[in-house]
Amino acid sequence: MKIVYERPKTLEKVVNHYCPGCHHGILHALIAEVLDEMKLADKTVGVAPVGCAVMAYNYLDIDWIEAPHGRAVAIATGIKLAHPDVLVFTYQGDGDAASIGLAETLYGAIRGVNVTTFMYNNAIYGMTGGQMAPTTLLGMKTTTSPYGRDPKREGYPVKMAETIALQDGTAFAARSALFNPRAITETKNHIKHAFELQMKGEGFTFIEVVGTCPTNWGMTPVEASEFAKNEMVKTYPLGIKKDVKGSETR
Amino acid sequence: MSEQALKVVIDEELCKQCELCVAICPVHVLRISSKINSKGFHPAELFDNEKCISCGFCAMTCPERAIAVYKPEVEKA
Ligand SMILES: Cc1ncc(C[n+]2csc(CCOP(=O)(O)OP(=O)(O)O)c2C)c(N)n1
Ligand code: SF4
Ligand code: SF4
Ligand code: SF4
Ligand SMILES: [Mg+2]
């Protein structure tokens, strides 16, 4: 028999610290797989966030730098200025990229910084114990919205992929997910496309990835995947929001 | 080395018993075993090698990438 699926080389063979069934691990693996396929691992710098993915640097065998909370795109901008030939990506949570780091993320797009940002959207501050995030769904209960998020009090969920897509400096903005093999394949295609655009110098590339947080959602991993598929996508519709090279490859 | 016999090989030490692979397998040939790994998780296992279609859905879905999938070579007529 021949092997058809194996662990990507760039994914370090260590047990990660994520909770069982958390989709962060799936996204790590996809990035590693694409770097393997594009043979780019040796010329890639990742910027890790503050959030559950704070130790992402332990899991992908590439160069990394750790950013203060929300500042990943600012740091990525500096790396890219110093090393324009290097593939640079940020790996961030929704709290990191859309709350404390909203200005940095948005200005990455406005300025057309030639880096790729992954925003893992689990609609919550996972690492700190499940507080409401700007991405929290209406009605969703968190430790800081115990009666459910009420838009009259807490406003509406932020639509990052759409917001980034509106900016002229954006080359690619999409939202995908990880709840089944089809969604996973779509996400992988987006990653590959975004990296290709970056290597051609097209501008800011942004992939919002709808993920899960079984622990703080109070669900089993299987229930959390179902919730992502059935509920998260109602507020966060999947698809490509902007693609400067749209007609060519897709 | 002997010929690879099983279509699915799960690294039991990496498994966290999340059951995503069990839920996603289209032909229902995975389950949580009664074994126990050093972290205290019961790793998933393949219980019907014949029925597995080597689709790789389990490997793609596994957040730990604990699963390797093998496919039988097409037999020459
Ligand atoms: C300057 C600063 N403010 C607040 C915090 C506390 N803090 C740590 S992680 C986090 C939010 C994490 O949420 P998110 O980015 O969505 O990542 P997740 O853990 O959900 O993947 C916050 C508020 C911090 N570490 N530093
Ligand atoms: S707290 Fe949530 S986001 Fe963080 S590792 Fe656990 S399940 Fe994943
Ligand atoms: S390869 Fe496909 S059929 Fe075989 S165990 Fe995995 S999901 Fe099931
Ligand atoms: S998906 Fe991976 S970690 Fe989860 S039960 Fe299956 S083999 Fe174990
Ligand atoms: Mg989050």
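Residues numbered from 1 in each chain as written. Chains lettered and ligands numbered in written order. Predicted model: local features only at pLDDT ≥ 70, side-chain atom pairs only at ≥ 80, totals over all residues. Heavy atoms only, no water.

(A) Structural view of the overall build of chain A. Counting its secondary structure elements, chain A contains ten helices and eight strands. Against the globule reference of 18 Å for 250 residues, chain A gives a C-alpha radius of gyration of 17 Å, in line with a compact fold. The principal-axis extent of the C-alpha atoms belonging to chain A is close to 50 × 50 × 35 Å. Across the 250 residues of chain A, 57% fall into the buried class. Pairs at least 24 apart in sequence give 68% of the contacts found in chain A among residues at least 6 apart. Surface accessibility of chain A: about 10,200 Å² in total, with carbon and sulfur atoms responsible for 54%. Here chain A contributes 25 positive and 26 negative side-chain charges, whose respective centroids are spaced 4 Å apart. (Helix = DSSP H or I, 4+ residues; strand = E, 2+ residues; numbered from the N terminus. Rg over C-alpha atoms; globule rule 2.2 N^0.38 Å. Buried < 20%, exposed > 50% of the residue type's maximum accessible area, 1.4 Å probe, protein only. Contact = heavy atoms within 4.5 Å. Areas by Shrake-Rupley, 256 points an atom, 1.4 Å probe, with all protein chains shown as cover. Lys, Arg positive; Asp, Glu negative; His and termini not counted. Charge placed at Lys NZ, Arg CZ, Asp CG, Glu CD.)

(B) The arrangement of the packing of aromatic side chains in detail. Tallied over the entire structure, the rule returns seven aromatic pairs over all chains. Through a chain of ring-to-ring contacts, the aromatic side chains of A:Trp64, A:Phe89, A:Phe118 and A:Phe195 assemble into a single cluster. (Phe/Tyr/Trp six-rings, centres within 6.5 Å; stacked < 30°, edge-to-face > 60°.)

(C) Expanded view of the coordination of the magnesium ion (ligand 5). All names here are of chain A. Binding of the magnesium ion (ligand 5) to the protein goes through Asp94 (OD), Asn122 (OD1) and Ile124 (O), at separations of 2.0 to 2.2 Å. Sequence positions of the donors to the magnesium ion (ligand 5) reduce to the motif D-x27-N-x1-I. By relative accessible area, which is 5% here, Asn122 ends up buried. (Donors = N, O, S within 2.8 Å, 3.2 Å for Na, K, Ca; no water.)

(D) Spatial organisation of the sheet that holds strand β1 (residues 8–10) of chain B. Here we have three strands laid out as an open sheet, ordered β1(A)-β4(B)-β1(B), and antiparallel in their pairing. Of all strands in the sheet, those bounded by a partner on one side alone are β1 (2–5) of chain A together with β1 of chain B. Recorded for the sheet is a direction-independent mean angle of 30° between the axes of neighbouring strands. Sheet analysis places β1(A) next to strand β4 (residues 67–71) of chain B, joined by three bridges and oriented antiparallel. Each bridged residue has a counterpart across the sheet, and for A:Lys2 the counterpart in β4(B) is B:Lys71. (Pairing = 2+ DSSP bridges. Axes fitted to C-alpha atoms, helices over the stretch in contact; angles between N-to-C directions.)

(E) Spotlight on the interface of chain B and chain A. Facing the 34 residues of chain B at the interface are 32 residues of chain A. Here chain B packs against chain A, burying approximately 2,600 Å² in sum over the two surfaces, 64% of which is carbon and sulfur. In terms of surface lost to chain A, no three residues of chain B exceed B:Lys16, B:Met60 and B:Arg65, which account for 28% of the buried area on that side. Scanning the region where chain B abuts chain A turns up two salt bridges. Here B:Arg65 and A:Glu33 are joined by a salt bridge, their closest N and O atoms 2.6 Å apart. Our count for the contact surface shared by chain B and chain A stands at ten residue pairs in polar contact (both at pLDDT 80 or more). Of all elements in the fold, only α1 (20–24), α2 (57–61) and β4 of chain B reach the threshold of two or more residues within the side of chain B that touches chain A. At five residues, β4(B) tops the list of elements feeding residues into the side of chain B that touches chain A. (Buried area = accessible area lost by both parts, 1.4 Å probe. Salt bridge = Lys/Arg side-chain N within 4 Å of Asp/Glu carboxyl O. Polar contact = N/O pair within 3.5 Å; in protein donor to acceptor, adjacent residues only side chain to side chain.)

(F) Highlighting the site of ligand 4. Lining the immediate environment of ligand 4, one finds B:Ile10, B:Cys15, B:Lys16, B:Gln17, B:Cys18, B:Glu19, B:Cys21, B:Ala44, B:Cys62, B:Pro63, B:Glu64 and B:Ile67. Considered class by class, the residues forming the shell around ligand 4 number eight nonpolar, one polar and three charged. (Near = heavy atom within 4 Å. Nonpolar A, V, L, I, M, F, W, Y, C, P; charged D, E, K, R; others polar.)

(G) Up close: the environment of A:His23. Within the secondary structure, A:His23 sits in the loop between β1 and α1 (24–37). Given the relative accessible area of 0%, A:His23 is considered buried. Each C-alpha atom of the pair A:His23 and A:Val210 lies 8.9 Å from the other, and the pair is 187 residues apart in sequence. Setting aside anything within four residues of it in sequence, one finds A:His23 in contact with A:Tyr120, A:Leu178, A:Phe179, A:Gly211, A:Thr212, A:Ser225 and B:Leu20.

(H) Up close: the confidence of the model for chain B. Mean pLDDT over chain B works out to 95, with 95% of the residues at or above the 70 mark. Across the assembled chains, the prediction reports ipTM 0.95 with pTM 0.97. (pLDDT = per-residue confidence, 0-100.)

(I) Molecular detail of unusual backbone geometry. All names here are of chain A. Of note, the phi angle at Lys39 is positive, near 50°, even though the residue is not glycine. For Lys39, the position within the fold is in the loop between α1 and β2 (44–48). Classification of Lys39 by relative accessible area gives exposed; the value is 72%. Residues other than glycine seldom take positive phi values, yet Ala123 does so here, at roughly 60°. On the accessibility criterion, Ala123 (0% relative accessible area) is buried.

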